[in-house]
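# A structural walkthrough
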Amino acid sequence: MTKKRRNNGRSLMNRGHQNICRCSNCGRCVGRDKAIKRFIVRNIVETAAIKDIVDSSALTEYVLPKMYIKMQYCVSCAIHSHIVRVRSSSARRNRTPPKPKVRKESRPRPTKPRVPGAAPGAPGAANFGNKQPAAPMMPLLPGLMQPMQSIMTPLQTMQPMQPFVAQKS
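Everything in this summary refers to the structure shown in the same document.

Calculation rules
Residues numbered from 1 in each chain as written. Predicted model: local features only at pLDDT ≥ 70, side-chain atom pairs only at ≥ 80, totals over all residues. Heavy atoms only, no water. Salt bridge = Lys/Arg side-chain N within 4 Å of Asp/Glu carboxyl O. Helix = DSSP H or I, 4+ residues; strand = E, 2+ residues; numbered from the N terminus. Buried < 20%, exposed > 50% of the residue type's maximum accessible area, 1.4 Å probe, protein only. Core = buried A, V, L, I, M, F, W, Y, C linked by side-chain atoms within 4.5 Å. Contact = heavy atoms within 4.5 Å. Patch = residues over 30% accessible without salt bridge, like charges linked within 9 Å, V, L, I, M, F, W, Y side chains within 5 Å. Areas by Shrake-Rupley, 256 points an atom, 1.4 Å probe, with all protein chains shown as cover. Lys, Arg positive; Asp, Glu negative; His and termini not counted. Charge placed at Lys NZ, Arg CZ, Asp CG, Glu CD. Phe/Tyr/Trp six-rings, centres within 6.5 Å; stacked < 30°, edge-to-face > 60°.

Okay, the pattern of salt bridges next. Two side chains of opposite charge can pair, provided their charged atoms sit close to one another. A complete count under the given rule lists 2 salt bridges for this structure. As a salt-bridge pair, Arg10 and Asp33 come within 3.1 Å of each other at their nearest N and O atoms. Within this pair, whereas Arg10 is found in the segment before strand S1 (20–22), its partner Asp33 is found in the loop between strand S2 (29–31) and strand S3 (36–43), the two being separated by 23 residues in sequence. Judged by relative accessible area, which is 8%, Asp33 ranks as buried. Between Lys51 and Asp55 there is a salt bridge whose closest N-O contact spans 3.3 Å. Taken together, the positions of Lys51 and Asp55, both in helix H1 (residues 47–56) and 4 residues apart, correspond to about one turn of that helix.

On to the nonpolar core. One finds Cys21, Cys23, Val30, Ala35, Ile36, Met71, Tyr73, Cys74, Cys77 and Ala78 forming the largest nonpolar core, which totals 10 residues. Sorting the residues of this core by element identifies strand S4 (66–73) and helix H2 (75–80) as the ones contributing at least two each. Those residues in contact with Cys23 that lie beyond four places of it in its chain are Arg28, Gln72, Tyr73, Cys74 and Cys77.

Attention now goes to a nonpolar patch on the surface. On the surface, a cluster of nonpolar side chains totalling about 360 Å² of accessible area is made up of Phe39, Val41 and Tyr68. Tracing the backbone through its elements, the reader meets Tyr68 in strand S4. The class for Tyr68 is exposed, based on a relative accessible area of 55%.

A separate point is a positive patch on the surface. On the surface, Lys4, Arg5, Lys34 and Arg87 cluster together to form a positively charged patch. The topology assignment puts Lys4 in the segment before S1. Of the residues examined, Lys4 reaches a relative accessible area of 56% and is grouped as exposed.

Below, the discussion takes up the packing of aromatic side chains. For the structure shown, the criterion picks out 1 aromatic pair. When the ring of Phe39 is compared with that of Tyr68, the centres are 6.4 Å apart and the planes differ by 25°; the resulting orientation is stacked. Here Tyr68 lies in strand S4 and Phe39 lies in strand S3, a separation of 29 residues in the sequence. Both residues of the pair, Phe39 and Tyr68, belong to the exposed class.

On to the environment of Gln18. Examined against the element boundaries, Gln18 turns out to sit in the segment before S1. For the pair formed by Gln18 and Val30, sequence separation is 12 residues and the distance between their alpha carbons is 9.6 Å. Not counting the four nearest positions on each side in its chain, Gln18 is found in contact with Leu12, Arg32 and Asp33.

What follows concerns unusual backbone geometry. The backbone of Met13 shows a phi angle near 50°, a positive value even though the residue is not glycine. Here Met13 is to be found in the segment before S1. The exposure class of Met13 is exposed, given its relative accessible area of 65%. At Asn14, a residue that is not glycine, the phi angle is positive and equals roughly 70°. In this structure, Asn14 sits in the segment before S1. Given the relative accessible area of 82%, Asn14 is considered exposed.

Rendered as structure tokens:
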């Protein structure tokens, strides 16, 4: 009888049985060797809020922590959410790993030429698409930042603590 895949869709490697794990999406029981595993590294804070947190932080070189998640999917959920793709029988023989995706930051962004003095929404203006220009933000009142500055100045002038050394008596 013909075989669809060289490893029968599993990576048992001469073991008779593997423990089960649950699909991260639907909860189905899947053999640990058959599950499609992806390791996701993501920022805890969404990208829109990172700049606000960095600006308001008292620590200058604080690195925001990342979230490390191991996702395990059953075959049907992985195909449905485009984590793996259905391949033809000749393409299934290709066992080389796919090329890494090019990150969005490294690609050059297309820029639209801006016409100086053009009104917002006019052709050649800075806004893209049919978006309305953003409303001006309310300026911060100087009195609101005063208590924060009084807290930050002692922190900036503090000296590092010396290690405690017990003296012999």
